[in-house]
Amino acid sequence: MKAKKSGGVLKAVARTHGGVGVAHNKNTAEMEVERMPAPAQVILPMQQHIGVPCSPIVKVGDMVAVGQLIADSEKYVSAPIHASISGKITKIGETPLPNGVISQSITIESDGEMRPFEGITPPTVTNREELIKAVRASGLVGLGGAGFPTHVKLNFPPDKNVDTLIINVAECEPYITVDYRECIDNSWDILSGIFTLKELLGIKNVIIAVEDNKPAAIKELRKIADNSNDTDDTVKVMVLKSRYPQGAEKVLVQATTGRRVPPGKLPADIGCMVMNVASVAFIARYLKTGKPLVSRSLTVDGSAIANPKNVRVAIGTNVGDVIDFCGGFKEDPYKIITGGPMMGLAIIGTDLPVLKQNNAILALAEKTRRVKREMDCIRCGRCANVCPMDLMPTLIARFAKVKDAEKIKQTGVTVCMECGSCSYACPSGIPLVQYMRLAKTILAEEGGKK
Amino acid sequence: MTLDKKLTVSASPHIRSSVTSTGIMLDVILALIPAFFAAVIFFGPRVLAVTAVTVGTCLLSEYFARKAMKRPGTLGDLSAVVTGVILAFNLPVSIPLWMAGIGSVVAIVVVKQFFGGIGMNFVNPALMARIVLTVSFPSAMSTWTSAFAWRDGVEAVTSASPLAQLNSFFASGSIENFAGAQGLPTLTQMFFGQRSGSLGEVCAVALLLGGLFLIIRGVISVAIPFTYIGTVAVIMLIAGKGDFTFVAYHLMGGGLLLGAIFMATDYTTSPVNVKGKIIFGIGCGFLTAVIRLFGSMPEGVSFSIIIMNVLVPHIERLTTPKPFGTPKKVRGEKAVGQ
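Residues numbered from 1 in each chain as written. Chains lettered and ligands numbered in written order. Predicted model: local features only at pLDDT ≥ 70, side-chain atom pairs only at ≥ 80, totals over all residues. Heavy atoms only, no water.

> So what's going on with the overall build of chain B? Which residues, and what values?
Helix and strand content of chain B: 14 helices and zero strands. Along chain B, helices (α) and strands (β) appear in the sequence α-α-α-α-α-α-α-α-α-α-α-α-α-α when read from the amino end. Against the 2.2 N^0.38 benchmark of 20 Å for 338 residues, chain B shows a C-alpha radius of gyration of 22 Å, consistent with a compact globule. Each principal axis of the C-alpha distribution contributes one length, and for chain B these read about 85 × 50 × 40 Å. Buried positions account for 55% of the 338 residues belonging to chain B. In chain B, of all internal contacts separated by at least 6 residues, the share reaching a separation of at least 24 is 74%. Approximately 14500 Å² of chain B is accessible, and the part contributed by carbon and sulfur atoms is 69%. Averaged over its 23 positive side-chain charges, chain B has a centre that lies 12 Å from the centre of its 13 negative ones. (Helix = DSSP H or I, 4+ residues; strand = E, 2+ residues; numbered from the N terminus. Rg over C-alpha atoms; globule rule 2.2 N^0.38 Å. Buried < 20%, exposed > 50% of the residue type's maximum accessible area, 1.4 Å probe, protein only. Contact = heavy atoms within 4.5 Å. Areas by Shrake-Rupley, 256 points an atom, 1.4 Å probe, with all protein chains shown as cover. Lys, Arg positive; Asp, Glu negative; His and termini not counted. Charge placed at Lys NZ, Arg CZ, Asp CG, Glu CD.)

What follows is the structure in structure tokens.
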């Protein structure tokens, strides 16, 4: 399929199925990212990525500086962890993560100096191997929320013939605006990151995919896409309809290239690589300065937050401290979420550290709680109509309830990415996503038996 | 930072759309109101009594059926009200009230609750009740009162409906003579509903308004009404040798609009996917036209929809989309079914 260019930007080449029109609530879009002063203490869990947890390489009592390596793993699918403040290691213990898993963690008490580690030097990167090595050393994981170690993604087998790099600026989750801010505030880092990746990985085309509710970002991105270094016009901006979950990897690949990732395969298998925009900008900055991933931007918003803001915080900062920095609660929250309201995790309290992949903290006020009592399915078909993966959630839920593994298998539930569109749309308040998870668990157990 | 209260920890998503099942039923009830008022105007205050009996009996049946089966009450979802109103719309105004009551019990208890309640019945409750009543009480169910008879003090008569008249012309092969025939309402009268017929089916404009409302509110998709009515129109155009007046009488006559807009679109008994809806609509239209043209009864909407209701699981099996990214055709692959 060929993309048509109109007004300097591309339009989506393929229509994707389903999706829901959620309220954008991008209240913080015009707020520049504020830097939060160093907290008195950070807690750095050893599991801040998908893959093998790290092991501490420091001891209690050690003095560390900002950017100093404090934990790593010998395994490849893992991302090292660096001290995000300077100070003293006071504890190596355990801490719960937002998903309820208990992880080993390192606590650093601040000395108030934010002294940078003197060993920091920009890495020498001239080829693919050096790039991948450097990215691993930076501790980068996908900043869009998934937390997959970036170097693993970059290290696709050369025979995969990846010809398209897709920069994900969809930011389709409500409230979150940090990727938008990245485009407005750091567009040249994005450009530099794009060219580094493109040249060192040998990728021909770059598509910067952005939703149409971000006109200012589109303008900035066009500036970098139309710059004179790109003589062959291989970097293009594509404007997509704002519709959740436009930024989901498979949906984005289809919308931008018309290609469909087969079940159980990765975008690389059909020649695509999707990168979050903030991750790309981070790579550019890292190659310039050598400063690893020790802080990140977060959107702090929601009806219970006094002063919604975009803030840059040290990784490991207590969620409660971040909320205090944003004026605390203006009213009682009934729920606090790390991440967006569609796929984020509800947390048990504010005494949790900010992780590398957290892109938002949302606190929702009691008065905005919308309770839908669960009723019987009326077969309205809304769940099937909104499913971006062409599934029939209500049918899968029915099979999951009776644990019919054979029938569940036929429904193809494994492609479900738990985007939440079905639960959102269901007029009968049926928690369909939970049934999808149950169905997958039943399949996994069935597979384990054989 | 301390919190006085405990937080809710639940699975994502943390926001929900404002659409509720009760809200959807309320929209359907609102959409039925114009046709209801039209019925009161044309057939008089007895419309209120018939509707009150069907709605009341439906609610009571739903309440006691759920109670007897020890299941949570479902009066709040308003679906029993919708069934009651639609059943009333399918009855002649002169129907003895006890018959209307029996129809309501059949609809809710036998057709709906015996199969598990909302979302589980495989045929439309109101339509099945209409068929049961038609078969059980043929005379009461075919006594049509002329519009405004209540005002003019005319007795109910077992008169031929416009469709029946139309069919006799078709059967005798002289359809070109039907226009202006004795007692046949004009097209304008048909459009506004000044004709004999069951309560809610007569006023075309009110039904179309209701349908438009449901489409705008996103309650129903255009697929079923469009393909249903369209198929009838095409077949009638051929049968009527290109006579558009003949087509117009067929589209506005009988229960086609009521059926296509409010009954064939019933979520529970129609396919979920657009492709399935199209097949369903065409099937309903084809059967309706065939029964009207060649059947022994003047009207075929109820039977057509019921027959297609029964076929829905098969239509679904054929039209369920493949999960995202699945190769188009895989040999020997089993279809996803219910």
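> Quick rundown of the overall build of chain A? Include the residues and the values.
Along the backbone of chain A there are 13 helices and 19 strands. Rg of the C-alpha trace for chain A: 22 Å, near the compact-globule value of 22 Å for 450 residues, within the 12% margin. Taking the principal axes of the C-alpha coordinates as reference, chain A spans close to 60 × 55 × 50 Å. The 450 residues of chain A split such that 59% are buried. Considering only intrachain contacts with a sequence separation of at least 6, the fraction spanning at least 24 residues in chain A is 74%. Taking the average place of the 56 positive charges on the side chains of chain A and the average place of its 46 negative ones, the gap between the two points comes to 7 Å.

> Kindly report on the interface of chain A and chain B, identifying the contributing residues and their values.
The figure often quoted for interface size is the accessible area lost as the parts come together. Of the residues lining the interface, 69 residues belong to chain A; the matching set on chain B comes to 46 residues. Buried area between chain A and chain B, summed over both chains or domains, comes out near 4900 Å², and the portion from carbon and sulfur atoms is 57%. Broken down residue by residue, the surface that chain A buries against chain B is led by Ile378(A), Arg379(A) and Gln410(A), which jointly contribute 15%. Taken together, chain A and chain B are joined by one salt bridge. A salt bridge links Glu316(B) to Arg379(A), with the shortest nitrogen-to-oxygen separation between them at 3.1 Å. At the junction of chain A and chain B, the tally comes to 19 residue pairs in polar contact (both at pLDDT 80 or more). With five residues, the single largest contributor to the side of chain A that touches chain B is strand E17 (residues 333–338) of chain A. (Buried area = accessible area lost by both parts, 1.4 Å probe. Salt bridge = Lys/Arg side-chain N within 4 Å of Asp/Glu carboxyl O. Polar contact = N/O pair within 3.5 Å; in protein donor to acceptor, adjacent residues only side chain to side chain.)

> Which residues make up the domain arrangement of chain A, and what values go with them?
All names here are of chain A. Under the domain assignment used here, chain A contains domain 1 (5–29 + 122–289) and domain 2 (382–449). With centres defined by C-alpha atoms, the gap from domain 1 to domain 2 works out at 29 Å. Of the residues lining the interface, 13 residues belong to domain 1; the matching set on domain 2 comes to 13 residues. Across the domain 1 to domain 2 interface the summed buried area is about 980 Å²; carbon plus sulfur atoms make up 63%. By the criterion of area lost to domain 2, the three top residues of domain 1 are His-17, Val-20 and Lys-250, representing 45% of everything that side buries. Our count for the contact surface shared by domain 1 and domain 2 stands at one salt bridge. Close ionic contact of Asp-390 with Arg-260 constitutes a salt bridge, the shortest N to O distance being 3.9 Å. (Domains from an automatic or database assignment.)

> Tell me about the packing of helix H10 (residues 223–239) of chain B against helix H13 (residues 274–294) of chain B, residues and numbers included.
Residue and element names in this part refer to chain B. Between H10 and H13, whose axes approach to 7 Å, the crossing angle comes to 35°. Here H10 runs over H13; the crossing is right-handed. Side by side, H10 and H13 meet where Ala-223, Ile-224, Thr-227, Tyr-228, Thr-231, Val-232, Ile-235, Met-236 and Ala-239 of the first sit next to Lys-277, Ile-278, Phe-280, Gly-281, Ile-282, Cys-284, Gly-285, Phe-286, Thr-288, Ala-289, Arg-292 and Leu-293 of the second. In terms of residue class, the contact of H10 with H13 is built from 14 nonpolar, five polar and two charged. (Axes fitted to C-alpha atoms, helices over the stretch in contact; angles between N-to-C directions. Left-handed = near helix turned anticlockwise from the far one by under 90°. Nonpolar A, V, L, I, M, F, W, Y, C, P; charged D, E, K, R; others polar.)

> Could you give me a rundown of unusual backbone geometry, with the residues and numbers involved?
The residue after Tyr244(A), namely Pro245(A), is reached through a cis peptide bond having omega -5°. Within the element layout of this structure, Pro245(A) appears in the loop between strand E13 (235–240) and helix H6 (249–257). For the bond running from Ser12(B) to Pro13(B), omega is -5°, close enough to zero to count as cis. Here Pro13(B) is to be found in the segment before helix H1 (21–43). Notably, Lys70(B) is not glycine yet its phi reads approximately 55°, a positive angle. Residues other than glycine seldom take positive phi values, yet Phe148(B) does so here, at roughly 70°.

> Any chance you could break down the sheet that holds strand E15 (residues 295–301) of chain A for me, citing the residues and the numbers?
Hydrogen bonds along the backbone pair up the strands of a sheet, which may run parallel or antiparallel. Residue and element names in this part refer to chain A. Taken in spatial order, the six strands line up as E3-E16-E15-E19-E17-E18 in an open sheet, and their pairing is mixed. Both edges of this open sheet fall to strand E3 (34–35) and strand E18 (345–346), since each of them pairs with a single strand only. As judged from the three bridges shared by E15 and strand E19 (residues 360–365), these two strands associate in the parallel manner. For Asp-301, the partnering residue across the bridge sits in E19 and is Leu-362. Where helix H3 (residues 178–185) meets the sheet, it contacts E15 and strand E16 (309–314), and its direction lies at approximately 120° from that of E15. (Pairing = 2+ DSSP bridges.)

> Residue-level account of the state of the cysteines, with values.
Residues and elements named next belong to chain A. On inspection of all chains with the given rule, the structure shows zero disulfides over all chains. Here Cys-172 stays free of any disulfide, with the sulfur of Cys-419 as its closest cysteine sulfur at 8.9 Å. Cys-383 forms no disulfide, and the closest cysteine sulfur to it belongs to Cys-377, at a distance of 6.5 Å. (Disulfide = S-S within 2.5 Å.)

> Summarise the sheet that holds strand E5 (residues 55–56) of chain A; cite the residues concerned and give the values.
The strand order E5-E7-E8 (chain A) describes an open sheet built from three strands, whose pairing is antiparallel. Strand pairing shows two members of the sheet lacking a second neighbour, E5 and strand E8 (81–82) of chain A, which therefore form its edges.

> Can you lay out the environment of Ala79(A) for me, pointing to particular residues and giving the numbers?
All names here are of chain A. Among the secondary structure elements, Ala-79 is positioned in the loop between strand E7 (69–72) and E8. Judged by its relative accessible area of 0%, Ala-79 is buried. Through-space distance from the C-alpha of Ala-79 to that of Thr-124 is 19 Å; in sequence the pair is 45 residues apart. Contacts of Ala-79, omitting those with residues within four sequence positions, involve His-49, Cys-54, Gly-139, Leu-140, Val-141 and Lys-356.

> I'd like a rundown of the confidence of the model for chain B, residues and numbers included.
The predicted structure's coordinates, where accompanied by low pLDDT, should not be read in detail. Across chain B, pLDDT averages 89, with 90% of residues at or above 70. Predicted complex, confidence summary: ipTM 0.88, pTM 0.91. (pLDDT = per-residue confidence, 0-100.)

> Pulling in residues and values, what's your account of the nonpolar core?
Counting residues in each nonpolar core, the largest one holds 89 residues, and the members touching the most others are Phe42(B), Leu91(B), Tyr228(B), Phe262(B), Phe280(B) and Ile305(B). Among the elements that make up this core, the one with the highest residue count is H1(B) (12 residues). When residues of this core are assigned to domains, at least three map to each of domain 1 (21–140) and domain 2 (157–319) of chain B. Each residue touching Tyr228(B), except ones within four places of it in the same chain, is listed here: Leu256(B), Gly259(B), Ala260(B), Ala264(B), Gly281(B), Cys284(B), Gly285(B), Thr288(B), Val301(B), Ser304(B) and Ile305(B). If you look at the next biggest cluster of nonpolar residues, it comprises 46 residues, including Val162(A), Ile218(A), Ala225(A) and Ile283(A). (Core = buried A, V, L, I, M, F, W, Y, C linked by side-chain atoms within 4.5 Å.)

> I'd like a rundown of the domain arrangement of chain B, residues and numbers included.
Residues and elements named next belong to chain B. Domain annotation for chain B reports domain 1 (21–140) and domain 2 (157–319). Between domain 1 and domain 2, the C-alpha centre-to-centre distance is 21 Å. Contact with domain 1, which involves 32 residues of that partner, is made by 32 residues of domain 2. Of the roughly 2600 Å² buried where domain 1 meets domain 2, counting both sides, 74% is carbon and sulfur surface. Counting the contacts that link domain 1 with domain 2 gives one salt bridge. Close ionic contact of Arg-217 with Asp-27 constitutes a salt bridge, the shortest N to O distance being 3.0 Å.

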